[in-house]
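The residues making up each chain are set out below.
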Protein chains: 2
Amino acid sequence: MNFIQKLEWAQKKNNSLLCVGLDPSLERLPELCRRQVQPFLTFNQALIDATADLVCAYKPQIAHYAACGAEAELLATISYIHKNYPDIPVILDAKRGDVGSTAEKYAIEAFGRYQADAVTVNPYLGGDALEPFLKYEKKGVVILCRTSNPGGGELQGLEVDGEPFYLRVAELAATSWNKNHNILLVVGATWPVELARVREVVGEIPLLVPGVGAQGGDLAEVLRAGLDSRRAGLVINSSRGIIYAGSGEGFAEAARQAALELRDAINYHR
Amino acid sequence: MNFIQKLEWAQKKNNSLLCVGLDPSLERLPELCRRQVQPFLTFNQALIDATADLVCAYKPQIAHYAACGAEAELLATISYIHKNYPDIPVILDAKRGDVGSTAEKYAIEAFGRYQADAVTVNPYLGGDALEPFLKYEKKGVVILCRTSNPGGGELQGLEVDGEPFYLRVAELAATSWNKNHNILLVVGATWPVELARVREVVGEIPLLVPGVGAQGGDLAEVLRAGLDSRRAGLVINSSRGIIYAGSGEGFAEAARQAALELRDAINYHR
C-alpha cells in the first residue's frame, strides 16, 4: 500500500478529510502538559487519542520541535501514531528542498529517521532536486504550489506564458515529476480561485489545504473549488483551531469537539 | 557589527573568499573519527583547526546532521567556531521557508538554538515569509536565487516579462526585501552567465557561490562574472573537495592543503 492508498483508506474509514496539525508551542500548552518531562509528547498523545477516529492524517510541523531541540518528542509522537493508530498516515511538514546529494539526506531525515509516511517539499530547485524524495515510491511527496500566506502570490502568481507560475508547478507535478504517482500538492484555503485552477490542471492528485481556521479560509468555497470528480482528493488541515480549542484540563476533549465539528462541517459541504 | 560586516572582516583578515562546507557523512569519515563518540564533531574540529586562517566562513549543511540525529554535534561544532575563532562567521545551510508563524520557529532554530550568524532560505513563499528571518538585523539571510543543480533552471529559468524568474528574485532581494541590508543570494558556480546577470542587478549584495569542485564550476569564470565593483562580494563554497581531500590520519592536513590551494587560486583570478 502506498501513501495515497493509505490516505484514502483513512479517509473512508473515518469518513473524514480532516488533517490535524501537531504544532505545539511551549507557551501555549496547558499547564498540566508543561509540567511534564516531555511536554510536547504528553500534549500530542492526548490529542491523538482524542481525535484518531476523526481524522485522515496527522501533520506535525518540524520547526516547532526543532526550535527547542525536541526532536526526540517528534520521533516519539510519530512512533506513537504508527503503533496505536497504524491506519492513520503521518505527513511530516518540513518544506525541505536542496540539490540532489543533500536532498538525499533530507529524505533520510523524513522517511528513515522519523518514519513519516509523507513529507512536504519546496519545488524552487526543480524536478531533479525532488527526485531523491520521489524515488521512495511508497511515500508521499507533498509539493508546495500556492501557499496560504498573504504574500504567497508575490512569486507564485507571476505570469509565465500567460499563466501563473504556480500552475506551471502544478502541471509539472501532474506529469513529468509524477512517475511514481506519489505526489500531492499544497494549495492554501485562503485562495479558492487558485485552488479551482489547480484542481482543473492536476486531475485527481490529492491536495493538502492548510489555512482554514486561524488563517481564515472559507470551508464551503474550499470544497466547491477543491474536490475531485469523486468528491474526494482533499486533505484539509487545521492546527491551532483544534489543538488549542481548550486550554485547561479538558484540552483533549475540547480538541475532539473542535475536530468533530470541523470534520462534520467539511462533510456537510462535500 | 552585522553579518555582512563580520563576513567582510574575515575576508580581509584571511585574505580569502573561501567558505568551507562542513557536511560530514559517516560512511566517508576517516576511520579514526568514526571510532569516536561524536564522530562529526571530532572531524569538524580537526578541519576547523586546520583551516580557520584560510577561510571567510564555515557553512554546515544541516541535513547531514538531521539525517542521523546529530543535532548535538552540529550545535557543538558551531559553538567551537564561535569560541575559538570568533572572527569567522557561520552560515547554517538549511534552506528553510514557511508561512509567517512557522517561519518564526525556523528563525529561532537557526539564530536562537544554533546561534548561526546567517541562514540559507528559500524564496518561493514570497517576501512576507522571509520577514521573520530578515527582522534579525544583525544576522545574514542568504536567499536561493539560481541554484547549482543541473535542473536548477526548470523553474528558476522560466520567463517572466521577458526576463528569467531568478532575476525577479534577485531584484526583490536587492530592493523591497532588503530593508535591513542583511540579504545575500545563492547563485551556483555552474551558471556563470546567470551569475553575471545577478551581479548586474544586485549591485554590491554578497553572493554565496556553491558548486566549485565536485559539482564542476569553473573558478576563473565565476570570479569574472561574480566579483563586485570592489573586486569582492563573493563567498565561494567548497565542501567535499576540501573535507574529503584526504581520508587517512592526515585528513586535516590534506584539507588544509586543499583549502590553501583553492583560496590562492581564487585570489589569483580575483
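Refer to the structure printed above.
So, here is what we can say about the structure in this document. (Residues numbered from 1 in each chain as written. Chains lettered and ligands numbered in written order. Predicted model: local features only at pLDDT ≥ 70, side-chain atom pairs only at ≥ 80, totals over all residues.)

Details of the relation of the copies chain B and chain A
Here is the rule we go by: A residue counts toward the fit only if its pLDDT is at least 70 in both copies, and the copies are then superposed by least squares on the C-alpha atoms of those residues. Contact criterion: two residues are in contact if their C-beta atoms, reconstructed from the backbone, are within 7 Å.
Rotating chain B by 180° and moving it 0.0 Å along the rotation axis overlays it on chain A with an RMSD of 0.0 Å. Given the turn and translation reported, the copies of this chain are related as if by a two-fold rotation axis. No C-alpha of chain B lies nearer the rotation axis than that of V160 of chain B, which sits 2.7 Å from it. In this assembly, 100% of the residues forming the interface of chain B have copies in chain A that are likewise at the interface, indicating an isologous arrangement.

As for the pairing of strand 2 (residues 57-60) of chain B
All names here are of chain B. Put simply, the test is: Any residue whose C-beta has 12 or fewer other C-beta atoms within 10 Å is treated as exposed, any with 20 or more as buried, and any in between as partly exposed, C-beta atoms being built from the backbone. Each helix is a run of H or I in the DSSP string that is no shorter than four residues. Each strand is a run of E no shorter than two, and both are numbered from the N terminus. Two strands are said to pair when DSSP picks up at least two bridges between them.
By the alternation rule, side chains of strand 2 split into A57 and K59 and Y58 and P60, which are all buried. Alignment of strand 1 (residues 18-22) against strand 2, held across four bridges, turns out to be parallel. Bridge pairing links L22 to P60 in strand 2.

Remarks on the sheet that holds strand 3 (residues 91-96) of chain B
Residue and element names in this part refer to chain B. Rules: Only the stretch in contact is used when a helix axis is fitted, and all axes are lines through C-alpha atoms; the angle between N-to-C directions ranges over 0 to 180 degrees.
Within the open sheet, the eight strands sit side by side as 2-1-10-9-8-5-4-3. Their pairing is parallel. Two strands close off the open sheet at either side, each with one partner strand: strand 2 and strand 3. Neighbour to neighbour, the strand axes of the sheet diverge by 30° on average, direction disregarded. Where helix 9 (residues 165-174) meets the sheet, its contacts fall on strand 5 (140-146) and strand 8 (183-187), and the angle it forms with strand 5 comes to roughly 155°.

Quick look at the environment of Y85 of chain B
All names here are of chain B. Locating Y85 in the fold gives a position in the loop between helix 5 (71-84) and strand 3. Residue Y85 is classed as partly exposed on the basis of its C-beta count, with 18 C-beta atoms lying within 10 Å. In the structure, Y85 is positioned 37 residues away from I48 in sequence and 8.9 Å away in space, judged by C-alpha atoms. If sequence neighbours within four positions are ignored, Y85 has contacts with I48 and A52.

Re the pairing of strand 3 (residues 91-96) of chain A
Residue and element names in this part refer to chain A. Cut-off, in case you're wondering: Orient the strands so they point away from the viewer, and a crossover whose first-strand-to-second-strand path over the helix runs clockwise is right-handed.
Across the six residues of strand 3, six count as buried, placing the element largely inside the fold. Burial of the side chains of strand 3 extends over both faces: I91, D93 and K95 are buried on one face and L92, A94 and R96 on the other. Examined bridge by bridge, strand 3 and strand 4 (residues 118-121) share three bridges and lie parallel to one another. Bridging from a neighbouring strand, R96 pairs with V121 of strand 4. Taken together, strand 3, helix 6 (residues 100-113) and strand 4 constitute a β-α-β crossover, and its handedness is right-handed.

Here we look at helix 3 (residues 39-51) of chain A
Spelled out, the test is: In this analysis, the expected span of each helix is defined as 1.5 Å times one less than the number of residues it contains.
Over its 13 residues, helix 3 of chain A runs 19 Å from end to end, which matches the ideal 18 Å to within 8%, given 1.5 Å per residue. Listing the buried residues of helix 3 of chain A in full gives F40, L41, F43, N44, L47, I48, A50 and T51 of chain A.

As for the interface of chain B and chain A
Going by this rule: Three categories are distinguished: nonpolar for Ala, Val, Leu, Ile, Met, Phe, Trp, Tyr, Cys and Pro, charged for Asp, Glu, Lys and Arg, and polar for the others, with Gly belonging to the last.
With 41 residues of chain B at the interface, the matching set in chain A holds 41 residues. Elements represented by at least two residues in the side of chain B that touches chain A include exactly helix 4 (62-66), helix 6 (100-113), helix 7 (127-134), helix 8 (153-156), strand 6 (159-160) and helix 9 of chain B. Of the residues forming the side of chain B that touches chain A, the biggest block, seven residues, is contributed by helix 6 of chain B. Its residues assigned to classes, the side of chain B that touches chain A shows 17 nonpolar, 14 polar and 10 charged.

Some words on the sheet that holds strand 8 (residues 183-187) of chain A
All names here are of chain A. The eight strands lie next to each other as 2-1-10-9-8-5-4-3, forming an open sheet whose pairing is parallel. Looking at the sheet topology across the chains shown, the edges are occupied by strand 2 (57-60) and strand 3. Adjacent strand axes in the sheet meet at a mean angle of 30° when their direction is disregarded.

Section: the environment of T147 of chain A
Note on placement: T147 of chain A falls in the loop between strand 5 (140-146) and helix 8 (153-156). Each C-alpha atom of the pair T147 of chain A and L262 of chain A lies 21 Å from the other, and the pair is 115 residues apart in sequence. What T147 of chain A contacts, discounting residues up to four positions off in sequence, is G152, Q156, V186 and G188 of chain A together with V99 and L125 of chain B.

Observations regarding the nonpolar core
In plain terms, the rule: Nonpolar cores are identified as sets of buried Ala, Val, Leu, Ile, Met, Phe, Trp, Tyr and Cys residues joined via C-beta atoms within 7 Å.
Core analysis: the largest hydrophobic core is formed by 195 residues, its most contacted members being L18, I143 and L185 of chain A together with L18, I143 and L185 of chain B. Once you skip the residues sitting within four places of it in the chain, L18 of chain B turns out to touch L54, V55, C56, I236, S238, A259, L262, R263 and I266 of chain B.

What to know about the environment of L208 of chain B
Residue and element names in this part refer to chain B. Here L208 lies in strand 9 (residues 207-209). Taking the C-alpha atoms as reference points, L208 and V169, separated by 39 residues in sequence, lie 15 Å from one another. Discounting residues that sit within four places of it in the chain, L208 has contacts with V142, L184, V186, V235 and N237.

Side note on the packing of helix 3 (residues 39-51) of chain B against helix 5 of chain B
All names here are of chain B. Our working definition: For classification purposes, an angle smaller than 35 degrees is called roughly parallel, one larger than 145 roughly antiparallel, one from 65 to 115 roughly perpendicular, and anything else oblique. Two helices that cross are described as forming a left-handed crossing if the nearer one is turned anticlockwise from the farther one by less than a right angle, and a right-handed crossing if clockwise.
The geometry of helix 3 relative to helix 5 is characterised by a closest axis approach of 9 Å and an angle of 20° between their N-to-C directions. It follows from the interaxial angle that helix 3 and helix 5 lie roughly parallel. The element helix 3 and its partner helix 5 pack so that their crossing is right-handed. Contact with helix 3, carried on its side by F40, L41, N44, Q45 and I48, involves E73, A76, T77, Y80 and I81 of helix 5 and no other residues of that element. Among the residues forming the contact of helix 3 with helix 5, the class breakdown is six nonpolar, three polar and one charged.

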